[in-house]
Number of protein chains: 2
Amino acid sequence: MNGAADNLSRTSGDEGVIVFGPDAAFLLDGGGRIENLTLAYRTYGTLNSERSNAILICHPLTLDQHVADPPPVGGRRAWWTSLVGPGRPIDPERHYIICANILGGCAGSTGPGSINPSTSEPYGLSFPVITIGDMVRAQAMLLDRLGVETLFCVAGGSMGGMQVLEWVASFPGRVFSAVCLASAARHSAQNIALHEVGRQAIMADPDWRKGAYVREGVRPEKGLAVARMAAHITYLSESALTRKFGRELQRDGLSWGFDADFQVESYLRHQGAAFVDRFDANSYLYITRAMDYFDLAARHGGSLSAALAGARHIRFCVASFTSDWLYPTAESREIVRALNVAGARTSFLEIETDRGHDAFLLDEPVLRSALAGFLGSAGRIRGLAG
Amino acid sequence: MNGAADNLSRTSGDEGVIVFGPDAAFLLDGGGRIENLTLAYRTYGTLNSERSNAILICHPLTLDQHVADPPPVGGRRAWWTSLVGPGRPIDPERHYIICANILGGCAGSTGPGSINPSTSEPYGLSFPVITIGDMVRAQAMLLDRLGVETLFCVAGGSMGGMQVLEWVASFPGRVFSAVCLASAARHSAQNIALHEVGRQAIMADPDWRKGAYVREGVRPEKGLAVARMAAHITYLSESALTRKFGRELQRDGLSWGFDADFQVESYLRHQGAAFVDRFDANSYLYITRAMDYFDLAARHGGSLSAALAGARHIRFCVASFTSDWLYPTAESREIVRALNVAGARTSFLEIETDRGHDAFLLDEPVLRSALAGFLGSAGRIRGLAG
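Residues numbered from 1 in each chain as written. Chains lettered and ligands numbered in written order. Predicted model: local features only at pLDDT ≥ 70, side-chain atom pairs only at ≥ 80, totals over all residues.

A.B. asks: Teacher, can you tell me more about the overall build of chain A here?
C.D. replies: Tallying secondary structure elements over chain A gives 10 helices and 12 strands in all. For 386 residues, the compact-globule estimate of 2.2 N^0.38 gives 21 Å, and chain A sits close to it at 21 Å. Seen along its three principal axes, the alpha-carbon backbone of chain A occupies a region of about 65 × 50 × 45 Å. Burial status across chain A gives 55% buried among its 386 residues. Of all intrachain contacts in chain A linking residues separated by at least 6 positions in sequence, the fraction that spans at least 24 positions is 71%. (Helix = DSSP H or I, 4+ residues; strand = E, 2+ residues; numbered from the N terminus. Rg over C-alpha atoms; globule rule 2.2 N^0.38 Å. Buried ≥ 20, exposed ≤ 12 C-beta atoms within 10 Å, placed from the backbone. Contact = placed C-beta atoms within 7 Å.)

In structure tokens form, the structure reads like this:
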């Protein structure tokens, strides 16, 4: 723990930026280093005197630290109010909730859009490739600064769930309980392929300028929008798309052209256009790469249970969604099997829904009540007031 | 039937181009018209004296008339040798096999890359939007010229299957039997969404030039490659990708960059690059649009069985593949239900395979033997020599 902790406000709804260094660079799994590592984070609630009620939320690919309140710009909503907020399973009345924009992100933490201190120019492609492990080590440094030695819980879905698994593998002693939703212990061939399409769409845009678009005053908006559109389809299920849009038209009759005739086309175009306003193309490249590189078992001789061997004392909640074809239930079952071998206490639920991968972000009553039960029970064991 | 028929050679392995008009323009469903409609086609085998052994093959989105022998350029292989050829279910020794490049295509038939006779420039976006119905009416005109009044069979997979259904709906009296593989009677919201991503990728490429790239001496290669990469993933299944590639690397170790580290990335990039050499970007736009517009029931008050009411006398073989998530079995079952209501004799099989949508193009022994049985039995009833 760091002496600076007590200087940090820990009251409800704090927003902060911590700069590490300049005395020590942050060393990366890939061999690179980052000077003046900056993490932008958000907290909700108050750390109790036992420092036992901290929950770290790990955000997915394109989201950020604004878990429970809207980001200051961009007109977006907070992204996890279904599970985080007063009266929710993760509750600022009881928990000290922390979420930091990931290393590599574009919401205040160091990423490829940041200024490289050694050149005073934006990094662009000179930014080193990062890993999920790098993201998690940076989060651990933040917790040191915030005076949090042990997390009551580390929670996340999708890429957030990868960070959760990485936390358990790298810092098991700092975790009391863990929640891993709609995720996987390694990126599948199909997932790598889908990411590669997005990256190629960005890099095909001449305004990408080999990653130097910031310096050249342009942005690869079209390429990034295409990447987002392709990805967005994978976050939904076929039946959800049929239920929401079917073959409904935008106007009376077909255009007999290439306008958005169908509502689903208009919706997708909107998703692409809105994303460009809030996300950085190079961050998209680096974060998808980190996900592709993620393979927890590989670092432990191919054994996921070996990777999670330190999890014996950790209470785990793993959940998947029946219509999630991006991170299907089989991936969660592999995690559960490895946790069982490791001797962790694991609750697993597969939730019936047609909402696809994005279900973990949406108001799913079964998930909410399961999580309330899981965290309530873990909290009683941890001695937290109900 | 047209008097010109007898002037056309009908011996094995003929290649031909027929130009219709100039006396009568080809009228399109969308209200447009095409002067001098040209169809490039390929035949295999000989039309028997009863003119009762003709099989029309309808090709899928990105393929062409070269069903059973390699196209003259491009170094590609014939695309349906698993089912078409000597000793195969569709056999030039017994059948007179016809396949024409679809209207809107880029392998010799009139499409957006053709010269617009009224401007003497390539059509580009002045090409009218076409439908599956337009494609089929053009094929019917070709059959008239070839002296084929009634097809022993019309067969196709994916978009080819849509043409088969359209044949049955529009010209039931000209069809004795029909084979519809891995297809659907309408394009789903997810399928429209996936096509829209491909179109946006093409149109985002500045070398697309609002469709006028031919005139301007460029080609939207990057956009078309991205469209192909995105589509290619949908033609395979997750398990096939895992089986073929898993997380295997291209080289020893990771590049810690954006090179193709994983074999699946390299494979996809190759698919994109190879496609650009053989396909026209505007054709891709128009053909995907025709598929999106396809909804056979919509023209018959929403009733697919009403659309297929004329199929009572037609022997049908419908097949789907368990791992095909683009045209899942449920879509084939809807076709079968409507055919049953219509009173057609329908064989339906769902084939267990992990090869995804592309299974209909591959050597699937169950499909081959089922089709051999179906066509053998239909042929005996039709009086064809075994």
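Let us keep going from here.
A.B. asks: So what exactly am I meant to see when it comes to the interface of chain A and chain B here?
C.D. replies: One widely used convention gives an interface's size as the accessible area the parts lose upon coming together. Taken together, the contacts link 42 residues of chain A with 42 residues of chain B. Listing elements by their share of the side of chain A that touches chain B, those giving two or more residues are α3 (189–204), α4 (221–235), α5 (238–244), α6 (263–278) and α7 (281–293) of chain A. Residue contributions to the side of chain A that touches chain B peak at 11 residues, all from α3(A). By residue class, the composition of the side of chain A that touches chain B is 23 nonpolar, 8 polar and 11 charged. (Nonpolar A, V, L, I, M, F, W, Y, C, P; charged D, E, K, R; others polar.)

A.B. asks: How do you make sense of helix α1 (residues 132–146) of chain B when you look at a structure like this?
C.D. replies: Residue pairs spaced three or four apart in an α-helix point in one direction, given the helix's 3.6 residues per turn. Residues and elements named next belong to chain B. When the terminal C-alpha atoms of α1 are compared, their 21 Å separation across 15 residues agrees well with the 21 Å that a helix rising 1.5 Å per residue should span. What α1 keeps buried is the set Ile-132, Gly-133, Asp-134, Met-135, Val-136, Arg-137, Ala-138, Gln-139, Leu-142, Leu-143 and Leu-146. Directly beyond the C-terminal end of α1, a positive phi value near 80 degrees is found at Gly-147. (Expected span 1.5 Å × (residues − 1).)

A.B. asks: Would you mind going over the packing of helix α3 (residues 189–204) of chain B against helix α4 (residues 221–235) of chain B with me for this structure?
C.D. replies: The description of two helices packed together rests on the angle between their axes and the distance between the axes. Residue and element names in this part refer to chain B. Following both chains from N to C, one finds α3 and α4 inclined at 165 degrees, their axes separated by 7 Å at the closest point. Relative to α4, the element α3 lies roughly antiparallel. Of the two possible hands of crossing, α3 and α4 adopt the one that is right-handed. Side by side, α3 and α4 meet where Leu-194, Val-197, Gly-198, Ala-201, Ile-202 and Ala-204 of the first sit next to Gly-223, Leu-224, Val-226, Ala-227, Ala-230, Ala-231 and Thr-234 of the second. Taken together, the residues of the contact of α3 with α4 sort by class into 10 nonpolar, 3 polar and no charged. (Axes fitted to C-alpha atoms, helices over the stretch in contact; angles between N-to-C directions. Parallel < 35°, antiparallel > 145°, perpendicular 65-115°, else oblique. Left-handed = near helix turned anticlockwise from the far one by under 90°.)

A.B. asks: Sorry, what's going on with helix α10 (residues 365–382) of chain A here?
C.D. replies: All names here are of chain A. Its 18 residues place the ends of α10 25 Å apart at the C-alpha level, agreeing with the 26 Å of an ideal helix rising 1.5 Å per residue. Leu-367, Leu-371, Phe-374, Leu-375, Ala-378 and Gly-379 are the residues of α10 that are buried. Looking down the long axis of α10, one finds its buried residues gathered within 130 degrees of arc, a one-sided arrangement. Among the exposed residues of α10, those pointing more than 90 degrees away from its buried face are Pro-365, Ser-369 and Arg-380. The elements touched by buried residues of α10 are β9 (153–157), β10 (177–181), β11 (315–321) and β12 (345–351). Looking at the residues trailing α10, positive phi occurs at Gly-383, about 80 degrees. (Arc of directions from axis to C-beta.)

A.B. asks: Looking at this model, I keep getting lost on the relation of the copies chain A and chain B. Mind explaining?
C.D. replies: Copy one and copy two of the chain differ by a rotation about an axis and a translation along that axis. Note on the copies: chain A fits chain B at an RMSD of 0.0 Å, the axial shift is 0.0 Å, and the rotation between them is 180 degrees. Both copies are brought into coincidence by an operation consistent with a two-fold rotation axis. A share of 100% of the interface residues of chain A reappears at the interface of chain B, consistent with the copies meeting face to face through the same patch. (Least-squares fit on C-alpha atoms with pLDDT ≥ 70 in both.)

A.B. asks: Sorry if this is basic, but what is going on with the environment of Val136(A) here?
C.D. replies: All names here are of chain A. Structurally, Val-136 is set in helix α1 (residues 132–146). Among the residues examined, Val-136 registers 24 C-beta atoms within 10 Å and is labelled buried. Taking C-alpha positions, Val-136 is 23 Å from Asp-358, a pair spaced 222 residues apart along the chain. Not counting the four nearest positions on each side in its chain, Val-136 is found in contact with Gln-163, Glu-166, Trp-167 and Ser-170.

A.B. asks: Is there a simple way to think about the sheet that holds strand β10 (residues 175–181) of chain B in this case?
C.D. replies: Residues and elements named next belong to chain B. The mixed open sheet is built from 8 strands, whose spatial order is β1-β4-β6-β5-β9-β10-β11-β12. If you trace the sheet from one side to the other, it starts and ends with β1 (14–19) and β12 (345–351), each paired once. Averaged over all pairs of adjacent strands, the angle between their axes in this sheet comes to 20 degrees, without regard to strand direction. As defined by bridge partners, strand β11 (residues 315–321) adjoins β12 across 7 bridges and the pair is classed as parallel. For Ser-320, the partnering residue across the bridge sits in β12 and is Glu-350. (Pairing = 2+ DSSP bridges.)

A.B. asks: Quick question: what am I supposed to make of the sheet that holds β12(A) here?
C.D. replies: Paired through backbone hydrogen bonds, the strands of a sheet run either parallel or antiparallel to each other. All names here are of chain A. Spatially, 8 strands are ordered β1-β4-β6-β5-β9-β10-β11-β12 in an open sheet, and the strand pairing comes out mixed. Strands at the two margins of the open sheet, each flanked by one partner only, are β1 (14–19) and β12. Direction aside, the axes of adjacent strands within the sheet are offset by 20 degrees on average. On top of the sheet, helix α2 (residues 159–170) reaches β5 (54–58), β9 and β10; it is set at about 145 degrees to β9, its chief contact.

A.B. asks: It is not clear to me how unusual backbone geometry should be interpreted in this structure. Could you clarify?
C.D. replies: Among all residues save glycine, negative phi is the norm, and among peptide bonds the norm is trans. Residue and element names in this part refer to chain A. The backbone of Ser-158 shows a phi angle near 60 degrees, a positive value even though the residue is not glycine. With respect to the helices and strands, Ser-158 occurs in the loop between β9 and α2. Residue Ser-158 is classed as buried on the basis of its C-beta count, with 27 C-beta atoms lying within 10 Å. A positive phi is found at Ala-182, a non-glycine position, where the angle reads about 50 degrees.

A.B. asks: Mind showing me how you'd approach the domain arrangement of chain A here?
C.D. replies: Residue and element names in this part refer to chain A. You can read the domains of chain A as domain 1 (3–187 + 291–382) and domain 2 (191–286). Between the C-alpha centres of domain 1 and domain 2 the distance comes to 26 Å. Between domain 1 and domain 2, the residue contacts involve 27 residues of the former and 22 residues of the latter. Those elements that provide at least two residues to the side of domain 1 that touches domain 2 are β8 (121–122) and α7. Looking at the side of domain 1 that touches domain 2, its residues break down into 10 nonpolar, 11 polar and 6 charged. (Domains from an automatic or database assignment.)

A.B. asks: Can you walk me through the environment of Ala204(B) in this structure?
C.D. replies: Along the chain, Ala204(B) falls in helix α3. For the pair Ala204(B) and Pro220(B), spaced 16 residues apart in the sequence, the C-alpha separation amounts to 8.8 Å. Ala204(B) has contacts with Asp205(A), Lys222(A), Gly223(A), Val226(A) and Gly223(B), leaving out every residue within four places of it along the chain.

A.B. asks: Explain the packing of α3(A) against α7(A) to me, please; I cannot follow it from the model alone.
C.D. replies: Residue and element names in this part refer to chain A. Orientation of α3 relative to α7, taken along the N-to-C sense of each, is 160 degrees, at an axis distance of 10 Å. With respect to α7, the axis of α3 lies roughly antiparallel. Along this stretch, α3 crosses α7, giving a crossing that reads as left-handed. Contact residues: Ile-192, His-195, Gly-198, Arg-199 and Ile-202 in α3; Ala-281, Tyr-284, Leu-285, Thr-288, Met-291 and Asp-292 in α7. Of the residues that constitute the contact of α3 with α7, the class distribution is 6 nonpolar, 3 polar and 2 charged.

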